[in-house]
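Fold and geometry: a report
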Amino acid sequence: MLIQYSKEICVKYDVDVFVAGGGPAGVAAAVSAAQNGASVFLVEAFGAFGGAAVHSLVPAFMQFTDGVNFLAGNIGKRVCDYIQANCPDTYKPYCPNSIPVETLKLCYDEMITEAGVKFAFFTQVSDVIAENGHIQYVICTAKGETFAIKAKTFIDCTGDGDVAAMAGAAFQKGDENGDMMAATLCALWNDIDWENVVKPDTRRLNDAFADKVFTNEDRHLPGMWILSNTLGGSNAGHIYDIDGTKYDSLTRGMIEGRKQLLEYRNYYQNYLTGYEKSEPIISAAMIGVRETRRIEGDYVLNLEDFLSRAVFDDEIGRYAYPIDIHSSQNTAAGYQDFKTKYDNLRYKSGESYGVPYRSLLVKDFDNLLTAGRCISTDRSMQSSVRVMPGCFITGQAAGTAAALAVKGNGNTRDVDINTLQTILIENGAVISRKA
């Protein structure tokens, strides 16, 4: 059954730049836009900034460097420095790679407020009003209120490309069959004896399989990260056939993830040394989604660019994380395909690939940018750039470009690349230009 529904709502905010999503890409975009003179409004669906690190309890940052250069300069560097300076003493030996969640929340709060960014928690975009490739308003649903926001430039940092999709932008999702990487429900664990922990090995995993510990016999076990003296963060257990753009799929994933966590409790306590007294003390409020939409942009960053260590005329940053495609199927062949790519598609120290500005532009739209894991890539490159330092890099570039667009004619394609690159380099970005 279909119904028609209409309602008058107010345009509550009119700003230069609107940012959807308060994860690492969204924070970087909002702060960078504000630092470059734009008025900014940021909406976040949860009650804190931080994205997957905070709400999905992803326990660790992936690499910030290529082994020589710090690639996520300015925003990423500020986050690393803040965590190292302010995390509890028991965390300090393991930071900034391991993530102390409460310290990270405070870091983002301070960065956003000091930059003068206006924002709202418990608020998300529910619709977009666009015409002829130009967004006019976003409709936001908040606790107790629905309202519109008008902006000159919009940045989609939702991870899932929600704003772009609502506006009618083209996108790809998953592999050739539409299957996406498995999701994971992370958790915090206490009472781990780190001094006696040995790396989990396949022999003990096979023992657990033989003993029918797991409902889902998953050979891909990223494992447990040290957070503090006795605290760990698990990235354990894949939940298959999850579509992070659909509420019913996410609902099923949360239920399956909590059930699976108890099976990993049995496994860690009874099969691995050092975890005998360990307990999962809290599971994440949101399942960790690795892959959904890839918004089609003016350029699709692709595997050949990874292999060639690509350099672009319109480069906005460089990154170096390996190709990390978690299998969408719980099969021996799926796991082996992941392992082969992850082991072989990685760089030596000092190597990296460029990310072009054209991959942040949205095809057929003149005032919309993407940042984070929904930028224009193929599936291989999405698996690399999706992690948090990559999100800092693309978010910082998108926010800076949006501010420059506002100072010009408002068209994101008319941003002067030399000016954009100069500002980014001055702020710590690593950029190579073709000779």
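Summary of the structure given here. Note that the coordinates shown come from a computational prediction; the quantities given were computed from them, not determined experimentally.

On to a nonpolar patch on the surface. A contiguous nonpolar surface patch, about 530 Å² in accessible area, is contributed by Met1, Ile3 and Tyr5. On the secondary structure map, Met1 appears in the segment before strand E1 (11-20).

This part covers the sheet that holds strand E8 (residues 187-190). Here 4 strands make up an open sheet; going across it, the order is E9-E10-E8-E11 and the pairing antiparallel. Looking at strand neighbours, the two that pair on one side only are strand E9 (223-226) and strand E11 (279-283), the edges of this open sheet. Across the sheet, the mean angle from the axis of one strand to that of its neighbour is 35°, orientation sign disregarded. Inspection of the sheet shows E8 paired to E11 by 4 bridges, in the antiparallel sense.

Attention now goes to the pattern of salt bridges. Counted under the stated rule, the structure contains 19 salt bridges. Among the salt bridges present, the one from Glu145 reaches Lys12, with a minimum N-O distance of 2.9 Å. Within this pair, whereas Glu145 is found in strand E6 (residues 145-156), its partner Lys12 is found in strand E1, the two being separated by 133 residues in sequence. Here Asp162 and Arg293 are joined by a salt bridge, their closest N and O atoms 2.9 Å apart. With Asp162 in helix H5 (residues 162-167) and Arg293 in strand E12 (residues 293-295), this pair connects stretches of sequence that are 131 residues apart.

Turning next to the packing of aromatic side chains. Counting across every chain of the model gives 26 aromatic pairs. Note on Phe214 and Tyr267: the rings are 5.5 Å apart at their centroids and 55° apart in plane angle, and the pair reads as tilted. Here the residue Phe214 occupies a position in the loop between helix H6 (202-210) and E9, and Tyr267 occupies one in helix H7 (residues 247-271), the gap between them amounting to 53 residues. One exposure class covers both Phe214 and Tyr267, and it is buried. Considering the side-chain rings of Tyr335 and Phe338, the 6.0 Å spacing of their centres and the 35° angle between planes classify their relative orientation as tilted. Highlighted residues: Tyr335 and Phe338, both in helix H9 (residues 332-344), separated by 3 residues, approximately one helical turn. Judged by its relative accessible area of 23%, Tyr335 is partly exposed. Looking at Phe338, the relative accessible area reads 8%, which means it is buried. An aromatic cluster of at least three residues, connected via ring pairs, comprises Trp189, Trp194, Phe209, Phe214, Tyr264, Tyr267, Tyr268, Tyr271 and Tyr275. Between Lys12 and the ring centre of Phe147, over which it is positioned, the NZ or CZ distance is 5.3 Å. Looking at Arg293, its charged tip hangs above the ring of Phe171, at a distance of 5.2 Å from the centre.

This part is about the packing of helix H1 (residues 24-35) against helix H11 (residues 388-407). Their axes nearest at 7 Å, the elements H1 and H11 cross at an angle of 30°. Judged on the interaxial angle alone, H11 and H1 are roughly parallel. Here H1 runs over H11; the crossing is right-handed. Contact residues: Pro24, Ala25, Ala28, Ala29, Ser32 and Ala33 in H1; Met388, Cys391, Phe392, Gly395, Gln396, Gly399, Thr400 and Ala403 in H11. Within the contact of H1 with H11, the residues separate by chemical class into 9 nonpolar, 5 polar and no charged.

The omega torsion across Cys95 and Pro96 is 10°, close enough to zero to call that bond cis. Position of Pro96 among the secondary structure elements: in the loop between helix H3 (75-86) and helix H4 (101-115). The phi dihedral of Asp191 is positive, around 60°, even though this residue is not glycine. When its relative accessible area of 44% is taken as the criterion, Asp191 is described as partly exposed.

Here Glu44 is to be found in the loop between strand E2 (40-43) and helix H2 (52-55). Look at Glu44 and you get buried, because its relative accessible area is 6%. As for Glu44 and Ile226, which are separated by 182 residues in sequence, their C-alpha atoms are 28 Å apart. Residues in contact with Glu44, not counting those within four places in the same chain, are Gly21, Gly22, Gly23, Phe49, His55, Ala120, Phe121, Phe122 and Thr123.

Strand direction decides the pairing type here: E8 and strand E10 (residues 232-235), joined by 3 bridges, are antiparallel. Among the inter-strand pairings, Trp189 is bridged to a residue of E10, identified as Gly232.

The rules we used
Residues numbered from 1 in each chain as written. Predicted model: local features only at pLDDT ≥ 70, side-chain atom pairs only at ≥ 80, totals over all residues. Heavy atoms only, no water. Patch = residues over 30% accessible without salt bridge, like charges linked within 9 Å, V, L, I, M, F, W, Y side chains within 5 Å. Areas by Shrake-Rupley, 256 points an atom, 1.4 Å probe, with all protein chains shown as cover. Salt bridge = Lys/Arg side-chain N within 4 Å of Asp/Glu carboxyl O. Helix = DSSP H or I, 4+ residues; strand = E, 2+ residues; numbered from the N terminus. Pairing = 2+ DSSP bridges. Axes fitted to C-alpha atoms, helices over the stretch in contact; angles between N-to-C directions. Phe/Tyr/Trp six-rings, centres within 6.5 Å; stacked < 30°, edge-to-face > 60°. Buried < 20%, exposed > 50% of the residue type's maximum accessible area, 1.4 Å probe, protein only. Lys NZ or Arg CZ within 6 Å of the ring centre and 35° of its normal. Parallel < 35°, antiparallel > 145°, perpendicular 65-115°, else oblique. Left-handed = near helix turned anticlockwise from the far one by under 90°. Contact = heavy atoms within 4.5 Å. Nonpolar A, V, L, I, M, F, W, Y, C, P; charged D, E, K, R; others polar.

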